[in-house]
Every structure is written in C-alpha cells, then in structure tokens.
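What follows is each chain in one-letter form.
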Amino acid sequence: PEGEEEEEEEEEEELEPPRAGTRGSQSEFGEGSGSPQNPPGTPPLAPVLQLLRNQLQEKEALIRHLENDWERSRAQREREERLLVTAWYNMGLALQQQQQDGGTAPRGPAGAQSFLAQQRLATAARRARAPHGRAGPSS
C-alpha cells in the first residue's frame with residue numbers, strides 16, 4: 001500500500017500545468033497541445049494563448065483610443081492658440097486705428113478706460129452702423 005501512495009503522488013505532480021519559464025512551457029510557434037513535450041493530461045495551451053491574445057488586442061485598442069484622444073486634444077489646443085493670436089492681432093489693429101483716428105470717445109480722468117468700457121463702446125459703435133444682412137433705419 002505504501003508504494004501505491006507514492007505512485008499516486010507522482011501522477012498528481014505530472015498533472016500540474018507547466019509554469020512559465022520552466023522546461024515544460026511551450027512557445028506559441030511550432031508546438032501545439034499533444035506534442036511529445038506536453039505530457040498527456042496537461043491542459044492545452046491554446047486557451048491561455050487566446051486569453052493573452054485577447055488581452056493584447058484590448059491593450060492595443062486602448063492605446064489607439066488614447067492616441068486619438070491625444071491627437072484631438074493637440075488639434076483643439078492649436079485651434080485655441082490660433083484664436084488667441086487672431087484676437088490679439090485684431091485688438092492691436094483696432095487700437096492702432098483708434099489712435100490714428102485721434103480716439104473715438106472722450107476719456108475719463110487721466111485718459112484711462114477699462115477694457116470692458118472699451119468693449120462696450122466698440123459694441124455700441126458697431127450697433128450704430130447698419131448690421132450685415134439687414135437694412136439700415138427705415139425712417
């Protein structure tokens with residue numbers, strides 16, 4: 001009876017799947033389940049390989065998604081930068097025209113006027129002119 005128990009323990013050890021990096025592990029290429037190096041009774045490596053392939057595909061999809069997000073963010077940042085440059089250019093041009101015209105509105109004490117006050121005056125001046133697509137005052 002003692003000899004039989006030892007044989008059963010040896011059989012149980014053989015049924016354990018091979019661990020990565022050991023002699024029993026197989027590469028993906030050229031060796032399939034049921035090969036002479038894969039002892040009978042061990043699970044085939046195909047499901048493990050398929051699981052790893054699926055994980056790899058998921059990670060590649062995540063990488064593509066993150067790259068697309070980064071590209072969209074970069075394009076948005078570039079658009080915003082162009083808008084800021086255009087706004088600064090337009091403000092400088094308007095200021096230059098205002099100085100050439102000798103100023104359009106009398107300024108308060110010490111000639112200072114806030115940015116918002118300047119914007120309100122510019123908006124009021126635009127509204128005084130006939131807007132695009134509409135006829136001027138009919139009277």
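Residues numbered from 1 in each chain as written. Predicted model: local features only at pLDDT ≥ 70, side-chain atom pairs only at ≥ 80, totals over all residues. Heavy atoms only, no water.

## Here we look at the overall build of the chain
Each helix and strand counted, the chain has 3 helices and 0 strands in total. Taken from N to C terminus, the helices and strands of the chain fall in the order α-α-α. Of all 139 residues assigned to the chain, the portion counted as buried reaches 3%. About 12600 Å² of surface is accessible on the chain, with carbon and sulfur atoms providing 55% of the total. (Helix = DSSP H or I, 4+ residues; strand = E, 2+ residues; numbered from the N terminus. Buried < 20%, exposed > 50% of the residue type's maximum accessible area, 1.4 Å probe, protein only. Areas by Shrake-Rupley, 256 points an atom, 1.4 Å probe, with all protein chains shown as cover.)

## Section: the UniProt feature "coiled-coil region" (unreviewed entry) in the chain
The UniProt record annotates "coiled-coil region" (unreviewed entry) at residues 49-83. Secondary structure content for residues 49-83 is 100% helix and 0% strand, while the C-alpha to C-alpha distance between its ends is 51 Å. (UniProt positions renumbered as here; feature names shortened; annotations may be inferred.)

## Some thoughts on the pattern of salt bridges
The final tally for this structure, using the stated rule, is 4 salt bridges. With a shortest N-O distance of 2.6 Å, Glu78 and Arg74 are connected by a salt bridge. Taken together, the residues Glu78 and Arg74, both in helix H2 (residues 46-100) and 4 residues apart, mark about one turn of the helix. You can call Glu78 partly exposed: its relative accessible area is 30%. The residue Arg77 makes a salt bridge to Glu81 at a minimum N-O spacing of 3.7 Å. Taken as a pair, Arg77 and Glu81 lie in helix H2 at a separation of 4 residues, close to a single helical turn. The class of Arg77 is partly exposed, set by a relative accessible area of 44%. Accessibility expressed as a relative area gives 43% for Glu81, which makes it partly exposed. Several salt bridges share partner residues, and in doing so they unite Glu71, Arg74 and Glu78 into one network. (Salt bridge = Lys/Arg side-chain N within 4 Å of Asp/Glu carboxyl O.)

## Some points on a nonpolar patch on the surface
Together, Leu84, Trp88, Met91, Phe115 and Leu116 make up an exposed nonpolar region whose accessible area comes to about 580 Å². For the nonpolar patch, the elements supplying multiple residues, two or more each, are H2 and helix H3 (115-128). Counting residues per element, the nonpolar patch draws most heavily on H2, at 3 residues. The residue Leu116 is located in helix H3 in this model. Judged by its relative accessible area of 51%, Leu116 falls in the exposed class. (Patch = residues over 30% accessible without salt bridge, like charges linked within 9 Å, V, L, I, M, F, W, Y side chains within 5 Å.)

## So, H2
For H2, with 55 residues, the first-to-last C-alpha span of 80 Å sits near the 81 Å given by 1.5 Å per residue. Just past H2, the residue Gly102 takes up positive phi, approximately 85°. (Expected span 1.5 Å × (residues − 1).)

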